[in-house]
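# Survey of secondary and tertiary structure
Chain residues, written in single-letter form:
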Amino acid sequence: MTEERYRHEIAHLARVELHTPNPDGTLWFFKDLLGMYETKREGQSVYLRGYEDPYQWSLKVTEGPEARMDHAALRTSSPEALERRIASLREGNLDGAWSDGEFGYGKTYEFDTPDGHKMALLWEVEKYQAPPQLQSKILSRASKKPLQGLPVKRIDHLNLLAREVTPVKESFERHLGMKTHERVVDGDIETGAWMSSSLLSHDVAVMRDARGARGRLHHVAFYYGVQQHTIDAAEMFRDYGIPIEAGPDRHGITQSSFLYVFEPGGNRIELFGDPGFLVLEPDFETRTWTMDQIDTGTAIGGTNLPAETYFTYGTPPIEPIPDIVRR
């Protein structure tokens, strides 16, 4: 169980690194279509940020032989919270190691989830300071809204695939202080969990990998804040040949509006139209969905999430790869 006094020690998802076998296509997707700013290039990597991301970067795109998530990093709410969360991980035999950090970030504690996903915790960050030509007149905005594509505001959340959901969920609850707001069960087996340490419906989700693999990525989500933008984005993706997996529609789980697509490198990306429901009750009780409710849970508006991809495809990919991803 989550200790309530440690409930908010994880502030938010700060960054994700994606590998792609098609770096030019992936960068075109994020920069030209989603309007993300490039802040640095180094070796085979490019660092990107949305116009409301507060730090130097939220997405690192690295050339590699296959699509996959290299790592994801969560920022804690204080230096002391970082030390407490690391102590808890070590007590739970989830050993990790310190690294010197990356561009824009300070020392970082790296560890693996029970399923093998590479995660990190950090506190020290370099806040983004826009040059004069990009400074926004909106004081709470880190930079001007770009004049290209349909710009995303910021990184939002992470969805992981796991061979077994429960060990990952319990680890995030125990060691990171997250609370499970919603979950899906198939009989006695947990097949999904949506967790947060904030008022958001979820910062991290974990779903059962139908292929039985370990440590894979389902999707990274980027935030629009306006449901209409997912409709506009769908039209843009149709015109420019980006495969749409599902949506636009609204989930029952989280009540958020969604659009799922595959970027040219093969990673699944969700465009998040709005935050869905906010958890304002301090004593909010976990909602449990069962399989006879799953149609409403996945899509209120009637969209069918394709079983041949949505519950089976993740990165790194496993053969056979669905045609919708290959095209």
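Residues numbered from 1 in each chain as written. Predicted model: local features only at pLDDT ≥ 70, side-chain atom pairs only at ≥ 80, totals over all residues. Heavy atoms only, no water.

Under an unreviewed UniProt entry, the name given to the protein chain is VOC family protein, and the organism recorded is Streptomyces celluloflavus.

All right, on to the overall build of the protein chain then. When you go through the protein chain residue by residue, the secondary structure sums to 6 helices and 17 strands. The C-alpha atoms of the protein chain give 19 Å as radius of gyration, which agrees with the globular expectation for 327 residues (20 Å, within 12%). On the principal axes, the C-alpha backbone points of the protein chain span a range of 50 × 45 × 40 Å. In the protein chain, which comprises 327 residues, the proportion classed as buried is 57%. Within the protein chain, contacts between residues at least 6 apart in sequence are counted, and of these 67% link residues at least 24 apart. Just so you have it, the protein chain exposes about 14,100 Å², and 47% of that area is on carbon and sulfur atoms. Taken together, the 37 basic and 50 acidic charged side chains of the protein chain have centroids lying 4 Å from each other. (Helix = DSSP H or I, 4+ residues; strand = E, 2+ residues; numbered from the N terminus. Rg over C-alpha atoms; globule rule 2.2 N^0.38 Å. Buried < 20%, exposed > 50% of the residue type's maximum accessible area, 1.4 Å probe, protein only. Contact = heavy atoms within 4.5 Å. Areas by Shrake-Rupley, 256 points an atom, 1.4 Å probe, with all protein chains shown as cover. Lys, Arg positive; Asp, Glu negative; His and termini not counted. Charge placed at Lys NZ, Arg CZ, Asp CG, Glu CD.)

This paragraph deals with the pairing of strand β14 (residues 244-250). Pairing analysis gives 4 bridges linking β14 to strand β15 (residues 257-262), with the strands arranged antiparallel. Considered in β15, the bridge of Ala246 is made with Tyr260. A loop of 6 residues connects β14 with β15, the two strands running antiparallel in sequence, and Thr254 in this loop sits at a positive phi of about 80°. (Pairing = 2+ DSSP bridges.)

One open sheet holds the 9 strands; their spatial order is β14-β15-β16-β13-β9-β12-β11-β10-β17, and the pairing between them is mixed. Two strands bound the open sheet, and with one partner strand each, they are β14 and β17 (287-290). The average undirected angle you get between the axes of adjacent strands in this sheet is 20°. (Axes fitted to C-alpha atoms, helices over the stretch in contact; angles between N-to-C directions.)

The next point concerns the pattern of salt bridges. Applying the stated criterion across every chain, the model contains 16 salt bridges. Note that Arg216 is salt-bridged to Asp209, the shortest N-O span being 2.8 Å. In terms of burial, Arg216 and Asp209 fall into one category: buried. A network of salt bridges, in which partner residues are shared, links Glu9, Arg84 and Arg85. (Salt bridge = Lys/Arg side-chain N within 4 Å of Asp/Glu carboxyl O.)

Relative to the helices and strands, Thr254 resides in the loop between β14 and β15. Discounting residues that sit within four places of it in the chain, Thr254 has contacts with Glu182, Trp194, Ser201, His202, Pro275, Gly276 and Phe277.

Moving on to the packing of aromatic side chains. On inspection of all chains with the given rule, the structure shows 14 aromatic pairs. On the basis of an interplanar angle of 85° and a centroid distance of 5.4 Å, the ring pair of Trp57 and Tyr105 is categorised as edge-to-face. Placement of the pair is Trp57 in the loop between β3 (45-49) and β4 (59-63) and Tyr105 in the loop between β6 (96-99) and β7 (108-112), with a sequence separation of 48 residues. Here Trp57 matches Tyr105 in class, with each residue buried. Ring centres of Phe258 and Tyr260 lie 5.3 Å apart, and the angle between their planes is 40°; on these two criteria the pair is classed as tilted. Overall, the relative accessible area of 0% leaves Phe258 in the buried class. Taken together, the aromatic side chains of Tyr47, Tyr55, Trp57, Phe103 and Tyr105 make up a single cluster linked through ring pairs. In this arrangement the basic side chain of Arg49 is found over the ring face of Tyr128, its NZ or CZ atom lying 3.7 Å from the centre. (Phe/Tyr/Trp six-rings, centres within 6.5 Å; stacked < 30°, edge-to-face > 60°. Lys NZ or Arg CZ within 6 Å of the ring centre and 35° of its normal.)

For helix α4 (residues 227-239), the full list of buried residues reads His229, Thr230, Ala233, Ala234, Met236 and Phe237. With its buried residues spanning 165° around the axis, α4 presents them on a single face. For α4, the exposed residues set more than 90 degrees away from the buried face come down to Glu235, Arg238 and Asp239. Where α4 is buried, its residues contact α1 (23-33), β14, β15 and β16 (268-272). Just beyond α4, the residue with positive phi is Gly241, at close to 75°. (Arc of directions from axis to C-beta.)

Moving on, we come to the sheet that holds β7. Strand order across the open sheet formed by 8 strands is β2-β3-β4-β1-β5-β8-β7-β6, with mixed pairing between neighbours. Edge strands, defined here as strands with exactly one partner in the open sheet, are β2 (37-42) and β6. If you compare each strand with its neighbour and ignore which way they point, the axes differ by 25° on average. Across 5 bridges, β7 lies against strand β8 (residues 118-122) in antiparallel orientation. By the bridge assignment for β8, Tyr109 is matched with Leu121.

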